[in-house]
Amino acid sequence: MNNTALQTIVAKRLPALSGESITYNAAKNVFLSQGYTSAAGNMYYKAIRLSNRLMIYYDLGQGYKYTFLNGIKLFCWDGQKAKLIAQKYWGGYDYQVFDEQFAKDESILILSNFLAAQLKAQGGCVSNREIYAFASNMIEETHQRQLA
């Protein structure tokens, strides 16, 4: 599947991205939204990772010296569209300099907490270790190369 075909599928199947201009960065294996520049001169954009079951938005800000992770949003498929299932934000004095491993680890924790809450609500009993391993595998799927 080529880059244009995948972008078309993403735009059609992920309503959360509708209206956004996205490009695929093969070197980083991530989709990037078109950003905007604030009055202070900082650039803000989203880095997006996908699997067949999950979509991760990294809300990023590019300052004069660092790229900052302002937030992470996790979406799942509800059969019709992408549905927000969990999110975490940093900002102000609690900012995070972007680090790929930190973002991945936080995504795993966010998904683990979501899955644990869903299991608890349904009366399920699964160890935290098993939940973490399952969440880790799901997040890892979003890091697999999407294009040849």
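Owing to the predicted nature of the structure, the values given are computational and were not obtained by experimental measurement.

Procedures and definitions
- All residue numbers refer to positions counted from 1 along the written sequence of the respective chain.
- Where local features are concerned, this predicted model is filtered to residues with pLDDT of at least 70; where side-chain atom pairs are given and counted, the filter is 80 or more; whole-chain, interface and lining totals use all residues.
- Calculated side-chain values reflect all of the structure's heavy atoms, with hydrogen atoms and water omitted.
- Counting from the N terminus, the helices are DSSP H or I runs at least four residues long and the strands are E runs at least two residues long.
- Whether two residues are in contact is decided by their heavy atoms: any pair within 4.5 Å suffices.
- Residue burial is assigned from relative accessible area. The probe radius is 1.4 Å, only protein chains are included, and a residue is buried under 20% of its type maximum, exposed over 50%, and partly exposed in between.
- Each residue gets a pLDDT score, which is the predictor's confidence in that residue and runs from 0 to 100.
- One requirement defines pairing of two strands: DSSP has to find at least two bridges between them.
- Note on method: axes are straight lines fitted to C-alpha atoms, helices fitted across the in-contact stretch only, with angles between N-to-C directions ranging 0 to 180 degrees.
- Any angle that falls under 35 degrees is termed roughly parallel, while one over 145 is termed roughly antiparallel, one within 65 to 115 roughly perpendicular, and all others oblique.
- Handedness of a crossing follows from how the near helix is turned relative to the far one, being left-handed for an anticlockwise turn of less than a right angle and right-handed for a clockwise one.

1. Observations regarding the environment of Y44
Okay, so step 1: Secondary-structure assignment places Y44 in strand β4 (residues 43-50).
Okay, so step 2: Taking the C-alpha atoms as reference points, Y44 and D59, 15 residues apart in sequence, are found 7.5 Å from one another.
Okay, so step 3: With residues near it in sequence (within four places) discarded, Y44 still touches G35, Y36, S38, L60, G61 and N70.

2. Observations concerning the side chain of S112
Okay, so step 1: For S112, the position within the fold is in helix α2 (residues 100-121).
Okay, so step 2: Residue classification places S112 among the buried positions, given a relative accessible area of 8%.

3. Concerning the confidence of the model for the chain
Okay, so step 1: Of the residues in the chain, 83% have a pLDDT of 70 or more, and the chain-wide mean is 83.
Okay, so step 2: Looking across the chain, the model is least confident in helix α1 (residues 3-13), with a mean pLDDT of 56, and most confident in α2, with 94.

4. What about the pairing of strand β5 (residues 54-62)?
Okay, so step 1: Burial within β5 is extensive, with eight of its nine residues counted as buried.
Okay, so step 2: Bridge count between β4 and β5: eight bridges; the pairing is antiparallel. By the bridge assignment, I48 is partnered in β5 with Y57.
Okay, so step 3: Between β4 and β5, which pair antiparallel and follow one another directly, the connecting turn spans three residues.
Okay, so step 4: As judged from the nine bridges shared by β5 and strand β6 (residues 67-77), these two strands associate in the antiparallel manner. Looking at the pairing, Y58 lines up with I72 of β6.
Okay, so step 5: Here β5 folds back onto β6 in antiparallel fashion, the turn holding four residues.

5. Focus on the packing of α2 against helix α3 (residues 128-142)
Okay, so step 1: Following both chains from N to C, one finds α2 and α3 inclined at 130°, their axes separated by 8 Å at the closest point. The orientation of α2 with respect to α3, classified from their angle, is oblique. Once α2 is placed against α3, the crossing between them reads as right-handed. Along the contact surface, α2 presents K104, S107, I108, L109, L111, S112, L115, A116 and L119, while α3 presents I131, Y132, F134, A135, S136, M138, I139 and E140.

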